[in-house]
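# Geometric and topological summary
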Amino acid sequence: MNAPLSRRHVIRSATLGAGGLVLTGCATTAVRTAGAPTCLPKVDVSADRVIRTVAGLRPYRPAGFRVAREALGDTALVHNYGHGGAGITLSWGTSKLATALGLPGHQGPVAVIGAGVMALTTARLVQEAGFPVTLYAADLPPHTTSNIAGGQVHAYGHFDRDAVTPAWQAQLDTAYEYSVRRFQIMVGDDYGIRWLPTYAGGASRAGPHMPGFRLLERGAHPFAQDRVARYETMYVETGRFLRTLSRDIEIAGGRFVVRRFNAASEVAALPERLVFNCTGLGAGALFGDATLYPIRGQLAILVPQPEVRYAYNGPAGYMFPRADGILLGGTFEKHVADATPQPDDIAGIIASMRGLFDGFRCG
């Protein structure tokens, strides 16, 4: 039996409710018993194989991400923040929405506040539209929250279904579509993006952008579960991706300025007349968004195993293999602002995932 994680954790599962993976509203997928290997390379999970532990804070808004334009004195301010656990996934898409709000009719240089994935993708789209850009941020990669993200290109844990509007849902659909297409044309070692088969314990229906989705009965997969889903999706090695994107911005003439803002008036005093706010959790204090709060996620990273070329998510947690290590995670701790890994929680993640892989049935 898999060891349970701490009671305050919500383990990532393919049967998530509001704000999780969209796996409802589609016709039930036919169950198949062939087409996938019954044996897979086993992840060697043990405490002595952990090379680092990290904790990140997801910037969560029940009403979903905020992409909106407002006036800040004579400065045009465009917000692009509040993506919860879907920052990597939606980065290109909401940045596209934001630039479409800010750039038409603008002349002159542009400012972006932040240096995480949302700021970097926004800056690149600004450059592609022909504008010079300066990024102002207190922390630069690799010291951003985005560097800690697992990097699965699937929207997860980023809104409360009862709190969103039809207009916002339309924004989400547009953003999701653009992001997926953008990541697809960037696949390769330079940006650290690749496709992987993914096994989801407990899933029963296909959602958007899950090519090859099928249900596997016992005997067609090695997991100690009666049924799992298998589909293909992309994964981003976030450190490499952010590093390469920062390089692209600098090659195109962009500047990074280390600066911390303590009040909106300081933003209004910038020389640029168009500013994109990509500050994530920082937007709460800087621009008075009281609906924004942190959700902590903790990770244990194991020694890389190049032979592991699949991912898993389900009741036991999740496993994403990357060149920089095998990520084990699954915590979703609301209103926790301490970005420090907790030894007991990390031990729970390791025990849960060890139980999963100890239960492999091959043959």
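This text gives an overview of the structure that appears in the document. (Residues numbered from 1 in each chain as written. Predicted model: local features only at pLDDT ≥ 70, side-chain atom pairs only at ≥ 80, totals over all residues. Heavy atoms only, no water.)

Residues separated by three or four positions in an α-helix point in the same direction, a consequence of the helix having 3.6 residues per turn. Across its 19 residues, helix H3 (residues 166–184) extends 27 Å between first and last C-alpha, which sits within 8% of the 27 Å expected from 1.5 Å per residue. Those residues of H3 that sit buried are Trp168, Leu172, Ala175, Tyr176, Ser179, Val180, Arg182 and Phe183. Buried residues of H3, seen end-on, are gathered within an arc of 160° and therefore sit on one face of the element. Residues Pro166 and Ala167 are exposed on H3 and point more than 90 degrees away from its buried face. For H3, the elements touching its buried residues are helix H1 (87–102), helix H2 (117–128), strand S7 (193–201), strand S9 (227–236) and helix H4 (238–251). (Helix = DSSP H or I, 4+ residues; strand = E, 2+ residues; numbered from the N terminus. Expected span 1.5 Å × (residues − 1). Buried < 20%, exposed > 50% of the residue type's maximum accessible area, 1.4 Å probe, protein only. Arc of directions from axis to C-beta. Contact = heavy atoms within 4.5 Å.)

Time to look at the packing of aromatic side chains. A full pass over the atoms with the stated rule returns 15 aromatic pairs. Here the aromatic rings of Phe159 and Trp168 are separated by 5.1 Å at their centres, their planes lie at 55°, and the arrangement is tilted. Like Phe159, the residue Trp168 is buried in the burial classification. By way of ring pairs, the aromatic residues Tyr199, Phe223, Tyr310, Tyr312, Phe357 and Phe360 are connected into one cluster. In this structure, Arg182 is placed above the aromatic ring of Trp92, and the distance from its NZ or CZ to the ring centre is 4.0 Å. (Phe/Tyr/Trp six-rings, centres within 6.5 Å; stacked < 30°, edge-to-face > 60°. Lys NZ or Arg CZ within 6 Å of the ring centre and 35° of its normal.)

Taken in spatial order, the 6 strands of this open sheet run S3-S4-S11-S5-S6-S10, and their pairing is mixed. What marks the edges here is a single partner per strand, and that holds for strand S3 (66–72) and strand S10 (255–258). Neighbour to neighbour, the strand axes of the sheet diverge by 20° on average, direction disregarded. Taken together, the 4 bridges between strand S6 (residues 133–137) and S10 define a ladder with parallel strand orientation. Bridge assignment links Tyr136 to a residue of S10, and that residue is Val257. (Pairing = 2+ DSSP bridges. Axes fitted to C-alpha atoms, helices over the stretch in contact; angles between N-to-C directions.)

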